[in-house]
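Structural features, examined
Now for the letters of each chain:
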Protein chains: 2
Amino acid sequence: MAHDSAQQGSTIGDEELAFKSAFRRLAAGVSIITARTGEGRPVGFTATSLASLAATPPLATFNMARVASTWPAIEQTDHVLIHILGARNRAVAAQLAADHDKRFEGDHWAPGPMGLPLISDVPAWMLGRIVGRYPVFDNAVIVVQIEDGGLGESDEAMLYHERTFFRPGSPA
Amino acid sequence: MAHDSAQQGSTIGDEELAFKSAFRRLAAGVSIITARTGEGRPVGFTATSLASLAATPPLATFNMARVASTWPAIEQTDHVLIHILGARNRAVAAQLAADHDKRFEGDHWAPGPMGLPLISDVPAWMLGRIVGRYPVFDNAVIVVQIEDGGLGESDEAMLYHERTFFRPGSPA
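As a starting point, this report considers the structure included with it. (Residues numbered from 1 in each chain as written. Chains lettered and ligands numbered in written order. Predicted model: local features only at pLDDT ≥ 70, side-chain atom pairs only at ≥ 80, totals over all residues. Heavy atoms only, no water.)

**Observations regarding the relation of the copies chain A and chain B**
Take chain A, turn it by 180°, move it 0.0 Å along the axis, and it overlays chain B with an RMSD of 0.0 Å. Taken together, the rotation and translation describe the operation of a two-fold axis. Measuring from the rotation axis to each C-alpha of chain A, the shortest distance belongs to G169 of chain A, at 1.8 Å. When the interface residues of chain A are mapped onto chain B, 100% of them again lie at the interface, so the same face is used by both copies. (Least-squares fit on C-alpha atoms with pLDDT ≥ 70 in both. Contact = heavy atoms within 4.5 Å.)

Printed below as a string of structure tokens:
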């Protein structure tokens, strides 16, 4: 077969633009990661990077910037709660992605396992023990081993795509 | 606030079941990673773990088992192609997830940048240089720096959720 990248349109020739154009076309599930600072303050953020790594033992990964407000807590804590969001959790997804001083203002959470902030009314959550923190430039890949979890009422999944929250549609 | 995990239903109390129940409720975008073995044979797999790590420099991650057929190539190669799939790519998503001897039988690919296998007719693809391989038990987290990419015709995103391929629906 001859080289035929023309079938895919032209090469972009700019690494940041190639990255942004491609990831804009990737849909992602939406989760919230929470932890406590050394002083016990609740912290957390909305993530679109949560991914399964293995089922046995159960392992997952998420990515973050090491300049993020939540990073000092993630750097020090042993455990996090990971919440899988449903379509009904749109407001809390937005709140946990906005001003970090106001993310835990309200009754959308309560202390859960190990006192970690447990977001209310999510379809599923997991207790994760951090088993790896891999710095990459100003960012980090976090690996967690799942130790327990719980289920809430089921819901349509929540997706993030083209900078908008969506629910799943028809089969592809 | 009092501890009130009852709001979320009971704790599952089994780490593997907690993991599986939660990830079943997480929707994921679908991508295909391709590479060449040392002998030049095309290899690749359908992934639901592709995630953005940073925009500057542009970095992404994906996860895989180190017992996977593609692992020896990923362990040795410097570069991979990462393809973002659309709803029209359902057949190739299934083919690249099935019998590894038959994944490149057919005209659904051609040699692309650096001779790497370029899957035809995808909405977007990226050329990634591997900058990190982090082993975790029998698995690995792979970090790539995006060096270039290209766009095809746009499409609805392809999602994987509840063991089925979906397209995005209405806003959440």
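Further notes follow.
**Observations regarding the pairing of strand β3 (residues 42-47) of chain A**
In regular strands, side chains alternate between the two faces of the sheet. Residues and elements named next belong to chain A. Burial analysis of β3 places 6 of its 6 residues in the buried class, the great majority of the element. Burial along β3 is two-sided: the face carrying P42, G44 and T46 and the face carrying V43, F45 and A47 are both buried. As paired elements, strand β2 (residues 31-36) and β3 share 6 bridges and run antiparallel to each other. By the bridge assignment, R36 is partnered in β3 with P42. The hairpin turn running from β2 into β3, its antiparallel successor, is 5 residues long, and G40 in that turn takes a positive phi close to 95°. (Buried < 20%, exposed > 50% of the residue type's maximum accessible area, 1.4 Å probe, protein only. Helix = DSSP H or I, 4+ residues; strand = E, 2+ residues; numbered from the N terminus. Pairing = 2+ DSSP bridges.)

**Quick word on the sheet that holds strand β9 (residues 124-136) of chain B**
Residues and elements named next belong to chain B. Pairing is antiparallel in the open sheet, where 7 strands are placed in the order β3-β2-β6-β9-β10-β5-β4. The open sheet is flanked by β3 (42-47) and β4 (51-55), the only strands paired with a single partner. Direction aside, neighbouring strands of the sheet carry axes that sit 30° apart on average. Pairing geometry for β4 and strand β5 (residues 58-65), over 4 bridges, is antiparallel. The residue bridging A55 from the neighbouring strand is P58, located in β5. (Axes fitted to C-alpha atoms, helices over the stretch in contact; angles between N-to-C directions.)

**Remarks on the interface of chain A and chain B**
Contacts between the two partners involve 89 residues from chain A and, on the opposite side, 89 residues from chain B. Both sides together, the interface formed by chain A and chain B hides about 7400 Å², and carbon and sulfur atoms give 65% of it. Scanning the region where chain A abuts chain B turns up 0 salt bridges. At the surface where chain A touches chain B, the tally comes to 24 residue pairs in polar contact (both at pLDDT 80 or more). For the side of chain A that touches chain B, the element with the highest residue contribution is strand β10 (residues 139-151) of chain A, accounting for 11 residues. Its residues assigned to classes, the side of chain A that touches chain B shows 51 nonpolar, 26 polar and 12 charged. (Buried area = accessible area lost by both parts, 1.4 Å probe. Salt bridge = Lys/Arg side-chain N within 4 Å of Asp/Glu carboxyl O. Polar contact = N/O pair within 3.5 Å; in protein donor to acceptor, adjacent residues only side chain to side chain. Nonpolar A, V, L, I, M, F, W, Y, C, P; charged D, E, K, R; others polar.)

**As for the sheet that holds β10 of chain A**
Taking strand neighbours across the sheet as the criterion, the 7 strands line up as β3-β2-β6-β9-β10-β5-β4 (chain A) in an open arrangement whose pairing is antiparallel. Where the open sheet ends on each side, the last strands, each with one partner, are β3 and β4 (51-55) of chain A. On average, each strand axis in the sheet is tilted by 30° relative to the strand beside it, whichever way the strands run. Contacts from helix α1 (residues 15-24) of chain B reach β4, β5 (58-65), β6 (79-84), β9 (124-136) and β10 of chain A within the one sheet, and its direction differs from that of β10 of chain A by about 105°.

**So, the pairing of strand β6 (residues 79-84) of chain B**
All names here are of chain B. Burial analysis of β6 places 6 of its 6 residues in the buried class, which makes it a mostly covered element. Neither face of β6 is open: one carries H79, L81 and H83, the other V80, I82 and I84, and all of them are buried. Pairing of β6 with β9 involves 6 bridges; the strand directions are antiparallel. If you follow V80 over to β9, its bridge partner there is G128.

**Things to note about the environment of P113 of chain B**
Along the chain, P113 of chain B turns up in the loop between β7 (109-111) and β8 (117-119). Residue classification places P113 of chain B among the buried positions, given a relative accessible area of 16%.

**What about the packing of aromatic side chains?**
Under the criterion given, the structure shown has 9 aromatic pairs over all chains. With 4.3 Å between their ring centres and 15° between their planes, Y134 of chain A and Y134 of chain B make a pair best called stacked. Taken together, the residues Y134 of chain A in strand β9 and Y134 of chain B in strand β9 connect one chain to another. In this structure, Y134 of chain A and Y134 of chain B share a single accessibility class: buried. (Phe/Tyr/Trp six-rings, centres within 6.5 Å; stacked < 30°, edge-to-face > 60°.)

**Considering the pattern of salt bridges**
Where charged atoms of side chains with opposite charge meet at close range, the side chains can pair. Residues and elements named next belong to chain A. Considering all chains together, one arrives at 8 salt bridges over all chains under this definition. Here D121 makes a salt bridge to R88, at a shortest N to O gap of 3.1 Å. Within this pair, whereas D121 is found in the loop between β8 (117-119) and β9, its partner R88 is found in the loop between β6 and α3 (90-95), the two being separated by 33 residues in sequence. The exposure class assigned to D121 is partly exposed, which follows from its relative accessible area of 39%. Among the charged side chains, a network of salt bridges with common partners joins R88, D121 and D155.

**Details of α1 of chain B**
Along an α-helix, residues three or four apart share an orientation, since each turn contains 3.6 residues. Taken residue by residue, α1 of chain B has A18, F19, S21, A22 and F23 of chain B as its buried positions. Close packing links the buried residues of α1 of chain B with β4, β5, β6, β9 and β10 of chain A. The distance from a side-chain oxygen at the start of α1 of chain B to the backbone nitrogen of E16 of chain B is 3.1 Å, and the residue carrying that oxygen is D14 of chain B.

All quantities given are derived from atomic positions and should not be read as evidence of function.
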